[in-house]
Amino acid sequence: MPSELPYAADAEESLSFDELQVLRLQYEKEISQSHVTVQTTFNYAWGLVKSPMKDHQVEGVRLLGELYRNEPTRRRECLYYLGLGHYKLGNYEQARRFNNLLLDKEPTNLQAQSLASLIDKKVTQEGYIGMAIAGGAAALGTLVLAAIIRRAHK
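Residues numbered from 1 in each chain as written. Predicted model: local features only at pLDDT ≥ 70, side-chain atom pairs only at ≥ 80, totals over all residues. Heavy atoms only, no water.

Engineer: I tried to follow the layout of surface pockets on my own but got confused; where do I start?
Structural biologist: In this approach the atoms are scanned with a rolling probe the size of a water molecule, which exposes any empty space left behind. Space inside the largest pocket adds up to approximately 180 Å³. Contributing to the lining of the largest pocket are L15, S16, F17, L20, Q21, R24, Y44, L48, S51, P52, M53 and H56. Elements with a minimum of two residues in the lining of the largest pocket: α1 (17-32) and α2 (38-50). In terms of residue count, α1 provides more of the lining of the largest pocket than any other element does, 4 residues in total. Looking at the lining of the largest pocket residue by residue, the class counts come to 7 nonpolar, 4 polar and 1 charged. (1 Å grid on protein atoms, 1.4 Å probe; cavity = no way out; pocket = protein on both sides within 12 Å on 5 of 7 lines; lining within 4 Å. Points joined across faces, edges and corners; volume = space filled by probe spheres on them. Helix = DSSP H or I, 4+ residues; strand = E, 2+ residues; numbered from the N terminus. Nonpolar A, V, L, I, M, F, W, Y, C, P; charged D, E, K, R; others polar.)

Following this line, the structure appears as structure tokens:
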């Protein structure tokens, strides 16, 4: 498997405001008519997940989760975008869980392989940051303790 797969561009590319607005208006129109199609819901959720705004991403993941639970024939489609949405929200374990479900069904899915690589990189990066913070806190604690001990001996 190549180390840099081009398929997870969804992780960084957003829809324009106008593109998302078209999807939102269609979704709201169908809500007002008391019949929202699965495709319209999926399209809107997809657009929300791709948004750079966290509240949009949360709503997109919520809608995709509902589709995943209620529409068994659409589960495969939802898995990648649920993984992507959770990745963008920083919920890496959830992202990995949904992405692995997709990879279990489609081991050669390049989008899912690429997303798995992005998730792994973020988890590793955050692990290093966490270790650096913990190391810095330990060093600071040691300095404070040394200063207290030094003052106590004076």
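There's plenty left to go through after this.
Engineer: Is there a simple way to think about the environment of E19 in this case?
Structural biologist: Inspection of the secondary structure puts E19 in helix α1. Residue E19 is classed as partly exposed on the basis of its relative accessible area, which comes to 44%. Counting along the chain gives 28 residues from E19 to G47, while the straight-line C-alpha distance between them is 8.1 Å. (Buried < 20%, exposed > 50% of the residue type's maximum accessible area, 1.4 Å probe, protein only.)

Engineer: What's the story with the pattern of salt bridges in this structure? I'm lost.
Structural biologist: Side-chain pairs of opposite charge can arise whenever the charged atoms involved come near each other. Across all of its chains, the model carries 7 salt bridges by this definition. With a shortest N-O distance of 2.3 Å, E77 and R74 are connected by a salt bridge. Residue class for R74 comes out buried when judged on its relative accessible area of 15%. The residue R96 makes a salt bridge to D120 at a minimum N-O spacing of 2.7 Å. Taken together, the residues span a long stretch of sequence, with R96 in helix α5 (residues 92-105) and D120 in helix α6 (residues 110-153) at a distance of 24 residues. Classification of R96 as partly exposed rests on a relative accessible area of 23%. Judged by its relative accessible area of 37%, D120 falls in the partly exposed class. (Salt bridge = Lys/Arg side-chain N within 4 Å of Asp/Glu carboxyl O.)

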